[in-house]
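Examining the three-dimensional arrangement
Okay, here's what each chain looks like letter by letter:
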Amino acid sequence: MHRGTMPQPGAWPGSSCAEKPAREAGAASPGPARAAAREGGKAATGGQPRAAVRCPAEQEEDMYRAADEIEKEKELLTHERESSEPRLSVAPEVDILDYCKKEWRGNTQKATCMKKGYEEVSQKFTSIRRVRGDNYCALRATLFQAMSRPAALPAWLQDPELTLLPEKLISKHGWIKQWKLGLNFEGKSEDLVDTIAESLALLRRKWAGLAELRTAEARQMACDDLFANEDEEYSLYEAVKFLMLSRAIELYDDKEKGKEVPFFSVLLFARDTSSDPGQLLRNHLNQVGHTGGLEQVEMFLLAHAVRHTIRVYRLSKYGTEEFVTVYPTDPPRDWPVVTLIAEDDRHYNVPVRVCEETSL
């Protein structure tokens, strides 16, 4: 896989999945890490650089989109908000090119870019499953793909100390008590240590149960059932967010001690809003599931938390070296790979049905 330049922090929009439709262009997020990113860091990309088409979708404004396309988005959002029917966390699979034709009917520059991007992805995957956009989409898509893979229970989940981690960290870092639980926990007076410990235990128990299933079909059905149970599903996200915070604390401590750390962590703590793990919690992780999702640099942290390589087809980057981005840049060889699709770095869907062997 061709390797290019790490995505620039100035082009890392937040992933506020619920608030903004997936087709809208991402606003650039300025930050102090921009200069650092120019000096170093790499991102893995797929295929050879394409000079013929450069998609400016992330800069494109509504003035470039057809009026009927904008109106359709408004109607869909209104319908979703008013519907009393339960929304699926991960929708059933559909043909990926049929999905593209339905979603991108116009002839705008952005629509053309999306069509070319989906056509490229269809060379590797035949189908797509749409992921519910409620500011958990990055966590949901990654965890769904990871847990539905036919593989043994990851070694890090077998660690007997896993469920003791909340008590250990919270006793050492009192500021973690500022943790903001997900919306489904509102009104519950459970102790934070117990709540996170139970979430971690649930993550291990559910992942272990899936790993024991002998067929891919049985595993997929069980995974679908898990992600249809909101109480359990959202508890899993609390566990993963805590693992992200734990990893961030490790990286920050190593950086302060002068140890070598992954380049993304330099960018992570170079932001004005996350100069240390406490700020990262208050200004970023606490917002996930409430008012925003994960930003691009936090996708690296997510990959480290679950020890999976996250490969993303960033359709708005079609024709550039960032079309296929891998988090982290140089993953350990023994990390499993999950693949996602992002139209604008805000919302993630999952491609399924591999049509040919792929590798990093």
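These numbers were taken from a predicted model, which means no experiment stands behind them.

1. Some details on the confidence of the model for the protein
When pLDDT is averaged along the protein, the result is 81; 73% of the residues meet or exceed 70. Across the protein, element-level confidence peaks in helix 11 (residues 277-283) with a mean pLDDT of 98 and bottoms out in helix 1 (residues 34-39) with 36. The low-confidence segment residues 56-66 (pLDDT under 50) makes 22 contacts with residues lying over four places distant or belonging to another chain. A low-confidence stretch, residues 76-85 (pLDDT under 50), is modelled with three contacts involving residues beyond four sequence positions or located in other chains.

2. Considerations on the environment of Ser171
Structurally, Ser171 is set in helix 6 (residues 165-172). When the C-alpha atoms of Ser171 and Val193 are compared, they prove to be 9.5 Å apart, with 22 residues separating the residues in sequence. Here the side chain of Ser171 touches Lys168 through a polar contact of 2.9 Å, landing on its backbone oxygen.

3. Considerations on the side chain of Ser148
Tracing the sequence through the fold places Ser148 in the loop between helix 5 (137-147) and helix 6. Separated by 3.2 Å, the side chain of Ser148 and the backbone oxygen of Gln145 make a polar contact.

4. Considerations on the environment of Arg129
Locating Arg129 in the fold gives a position in strand 4 (residues 125-129). Sequence separation of Arg129 and Val94 is 35 residues, and the distance between their C-alpha atoms is 6.6 Å. Setting aside its immediate chain neighbours within four residues, Arg129 contacts Val90, Ala91, Pro92, Glu93, Phe144, Gln220, Asp224, Asn349, Val350 and Val352. Looking at Arg129, its side chain comes within polar contact range of the main-chain oxygen of Val90, at 3.4 Å.

5. Re the sheet that holds strand 4
Spatial ordering of the open sheet is given by 3-4-8-7-5-6, a layout of six strands whose pairing is mixed. Each edge of the open sheet carries a strand with a single partner, namely strand 3 (94-95) and strand 6 (324-327). Bridge count between strand 4 and strand 8 (residues 348-354): four bridges; the pairing is antiparallel. When the bridges of strand 8 are listed, Ile128 appears paired with Pro351.

6. Some remarks on the packing of aromatic side chains
Working definition: an aromatic ring pair is given by the centre-to-centre distance plus the angle between the planes. Taken as a whole and judged by the stated rule, the model has 13 aromatic pairs. Between Tyr234 and Tyr237 the ring centres are 5.6 Å apart and the planes differ by 90°, which places this aromatic pair in the edge-to-face class. Pair noted here: Tyr234 and Tyr237 are both in helix 9 (residues 230-256), with a separation of three residues, about one helical turn. Here Tyr234 matches Tyr237 in class, with each residue buried. Each ring, one from Tyr313 and one from Phe323, has its centre 5.7 Å from the other, and the planes form 70°; the classification is edge-to-face. Here Tyr313, found in strand 5 (residues 309-314), pairs with Phe323, found in the loop between strand 5 and strand 6; they are ten residues apart in sequence, far enough to count as distant. For the pair Tyr313 and Phe323, a shared accessibility class is recorded, and that class is buried. Joined through ring pairs, the aromatic side chains of Phe125, Tyr313, Tyr318 and Phe323 make up one cluster.

7. Describing a negative patch on the surface
A surface patch of like charges, here negative, comprises Glu167, Asp191, Asp194 and Glu198. With respect to the secondary-structure elements, Glu198 resides in helix 7 (residues 192-212). Relative accessible area serves as the criterion here: at 49%, Glu198 is assigned to the partly exposed category.

8. Digging into the packing of helix 7 against helix 9
The relative placement of two packed helices comes down to the angle between their axes together with the axis-to-axis distance. Where helix 7 meets helix 9, the closest approach of the two axes is 8 Å, and the angle between their N-to-C directions is 105°. Here helix 7 is positioned roughly perpendicular relative to helix 9, judged by the angle of their axes. On helix 9, the residues that touch Ile196, Ser199, Leu200, Leu202, Leu203 and Lys206 of helix 7 are Glu232, Ser235, Leu236, Glu238, Ala239, Phe242 and Leu243. Considering only residue class, the contact of helix 7 with helix 9 consists of eight nonpolar, two polar and three charged.

What counts and how
- Residues numbered from 1 in each chain as written.
- Predicted model: local features only at pLDDT ≥ 70, side-chain atom pairs only at ≥ 80, totals over all residues.
- Heavy atoms only, no water.
- pLDDT = per-residue confidence, 0-100.
- Helix = DSSP H or I, 4+ residues; strand = E, 2+ residues; numbered from the N terminus.
- Contact = heavy atoms within 4.5 Å.
- Polar contact = N/O pair within 3.5 Å; in protein donor to acceptor, adjacent residues only side chain to side chain.
- Pairing = 2+ DSSP bridges.
- Phe/Tyr/Trp six-rings, centres within 6.5 Å; stacked < 30°, edge-to-face > 60°.
- Buried < 20%, exposed > 50% of the residue type's maximum accessible area, 1.4 Å probe, protein only.
- Patch = residues over 30% accessible without salt bridge, like charges linked within 9 Å, V, L, I, M, F, W, Y side chains within 5 Å.
- Areas by Shrake-Rupley, 256 points an atom, 1.4 Å probe, with all protein chains shown as cover.
- Salt bridge = Lys/Arg side-chain N within 4 Å of Asp/Glu carboxyl O.
- Lys, Arg positive; Asp, Glu negative; His and termini not counted.
- Charge placed at Lys NZ, Arg CZ, Asp CG, Glu CD.
- Axes fitted to C-alpha atoms, helices over the stretch in contact; angles between N-to-C directions.
- Parallel < 35°, antiparallel > 145°, perpendicular 65-115°, else oblique.
- Nonpolar A, V, L, I, M, F, W, Y, C, P; charged D, E, K, R; others polar.

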